[in-house]
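# Results of the structural survey
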Amino acid sequence: MKTYDLVGIGNAVVDVISHSDDAFLDNMGIEKGIMQLIEQDRAEQLYGAMGDRLQTPGGAVANTVAGVGALGLNTAFIGRVRDDGLGRFYADAMTDNGIDFVNPPVAEGETPTSRCMIFVTPDGERSLNTYLGISTGLTSEDVPQDVSGNAKLMFLEGYLFDHDAGKSAFREAARSAKAGGGMAGITISDPFCVERHRADFLQMIEHELDYVIGNEAEIKSLFETDDLEAAMTKTAAMCPIMVCTRGGDGVTLIRGDERVDIPAPERVVPVDATGAGDQFAAGFLYGLATGRDLETCGRMGNLCGSEVISHIGPRPATDMMVEFRKAGLV
């Protein structure tokens, strides 16, 4: 039976990245710097308006899984794609990267593969327009027991909380991983996800999960407070490991009575902020999977997050193991 260091469950989204200026965003009615969910017709309109398209397999947790796989660990990803051009591109690209893409493309149905149109402005800010398509149909049937039950780490994507079937699949996957001796955790994904599903998030964090990763806005939104310290303390009291990324202020990690505050790495000029949080999670989870202490996990996360913003695209372009060695982390 194959075992996995990391199994991720999330939206299987093809990222389509293009450069634009603020005037283009205004003209197209795109709100700068945030992720907006869009419908199929809007997706086709924006896709058609894009200039220099770079197409890459994306989705937050999928990006994290790819980052961990690039560091040499055994990984699998669970997510749905349609048997269309983008879906086949996605499945092939994940497999080419050495990731077990567990779910074959779905042949029947009308819903296309998910895609996210990302417009990068000259300041490195990204404005995301996501059409979720077939991804939102994920159910427990898409999560094979022999995969979830053989995961050292299970990593769940908060975006999938928008559908009851997704929540059920998460709970079952988390329980399956833990029953097999693994750990389960979540990336909160977006403050708006929390606004819509606060009670479910808190229930899972307290009763089902071993670690939670979020940024300042996401952690604060769990408790509807502007007091970050209070929100981190409350989250850490509910969950064995709490990780809060704080942008230029670095990262805070709390496990029981242990707290580590790690400053951000030396300033990296952001070329494209896409994937910063996803690759932070990859470095952190690599450390966790390989038994590193909390500070080393956080520093690995920081290095991976700062590398990915130095180039276009949401996945590492550098051998991060070399960077870990340079930093004395391995």
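An unreviewed UniProt entry annotates the protein chain as Adenosine kinase of Sulfitobacter donghicola DSW-25 = KCTC 12864 = JCM 14565. Regarding the protein chain, the UniProt comment filed under Sequence similarities (unreviewed entry) reads as follows: "Belongs to the carbohydrate kinase PfkB family."

We now examine helix H4 (residues 85-96). With twelve residues, H4 extends 16 Å between its outermost C-alpha atoms, agreeing within 8% with the 16 Å of an ideal straight helix rising 1.5 Å per residue. Among all positions of H4, only Leu86, Gly87, Tyr90, Ala91, Ala93 and Met94 are buried. Within H4, the buried residues cover an arc of 165° as seen down the axis, which keeps them to one side.

Take the UniProt feature "domain: Carbohydrate kinase PfkB" (unreviewed entry) in the protein chain next. Per the UniProt record, "domain: Carbohydrate kinase PfkB" (unreviewed entry) is found at residues 51-316. End C-alpha to end C-alpha, residues 51-316 measures 24 Å, and it is 40% helix and 21% strand.

This part covers the sheet that holds strand S2 (residues 13-19). With mixed pairing, five strands are arranged side by side in an open sheet as S3-S8-S7-S2-S4. Looking at the sheet topology across the chains shown, the edges are occupied by strand S3 (35-37) and strand S4 (54-58). On average, adjacent strands in this sheet sit at an angle of 25° to one another, irrespective of strand direction. Of the pairings in the sheet, the one linking S3 to strand S8 (residues 126-131) comprises three bridges and is parallel in character. In the sheet register, Gln36 faces S8, and the bridge partner there is Asn129. The strands touched by helix H2 (residues 40-49) within the sheet are S2, S4, strand S7 (114-120) and S8, with S7 carrying the most contacts at an inclination of about 45°.

Across a sheet, strands are paired by hydrogen bonds formed along the backbone, either parallel or antiparallel in direction. The nine strands lie next to each other as S6-S5-S1-S9-S10-S11-S12-S13-S14, forming an open sheet whose pairing is mixed. A strand with exactly one partner marks an edge of an open sheet, and here the two such strands are strand S6 (100-101) and strand S14 (258-262). Against the sheet, helix H6 (residues 164-179) contacts strand S1 (4-9), strand S9 (151-157) and strand S10 (183-187), and its axis sits at roughly 165° relative to S9. Along the sheet face, helix H11 (residues 294-308) touches strand S12 (241-245), strand S13 (251-255) and S14 and points at about 30° away from the line of S14.

In the structure shown here, the tally under the stated rule is eight aromatic pairs. An aromatic cluster is defined as three or more aromatic residues linked by ring pairs; in this entry it consists of Phe77, Tyr90 and Phe101. Across the ring face of Tyr47, the terminal group of Arg53 is positioned such that the distance to the ring centre comes to 4.0 Å.

We now examine the side chain of Ser148. Examined against the element boundaries, Ser148 turns out to sit in helix H5 (residues 145-148). Taking relative accessible area as the criterion, Ser148 reaches 1% and is therefore assigned buried. For Ser148, the side chain forms a polar contact with the side chain of Ser176, separated by 2.9 Å. When residues no more than four places from it in sequence are discounted, the contact partners of Ser148 are Val143, Met154, Ala173, Ser176 and Ala177.

Cut-offs used in this document
Residues numbered from 1 in each chain as written. Predicted model: local features only at pLDDT ≥ 70, side-chain atom pairs only at ≥ 80, totals over all residues. Heavy atoms only, no water. UniProt positions renumbered as here; feature names shortened; annotations may be inferred. Helix = DSSP H or I, 4+ residues; strand = E, 2+ residues; numbered from the N terminus. Expected span 1.5 Å × (residues − 1). Buried < 20%, exposed > 50% of the residue type's maximum accessible area, 1.4 Å probe, protein only. Arc of directions from axis to C-beta. Pairing = 2+ DSSP bridges. Axes fitted to C-alpha atoms, helices over the stretch in contact; angles between N-to-C directions. Contact = heavy atoms within 4.5 Å. Phe/Tyr/Trp six-rings, centres within 6.5 Å; stacked < 30°, edge-to-face > 60°. Lys NZ or Arg CZ within 6 Å of the ring centre and 35° of its normal. Polar contact = N/O pair within 3.5 Å; in protein donor to acceptor, adjacent residues only side chain to side chain.

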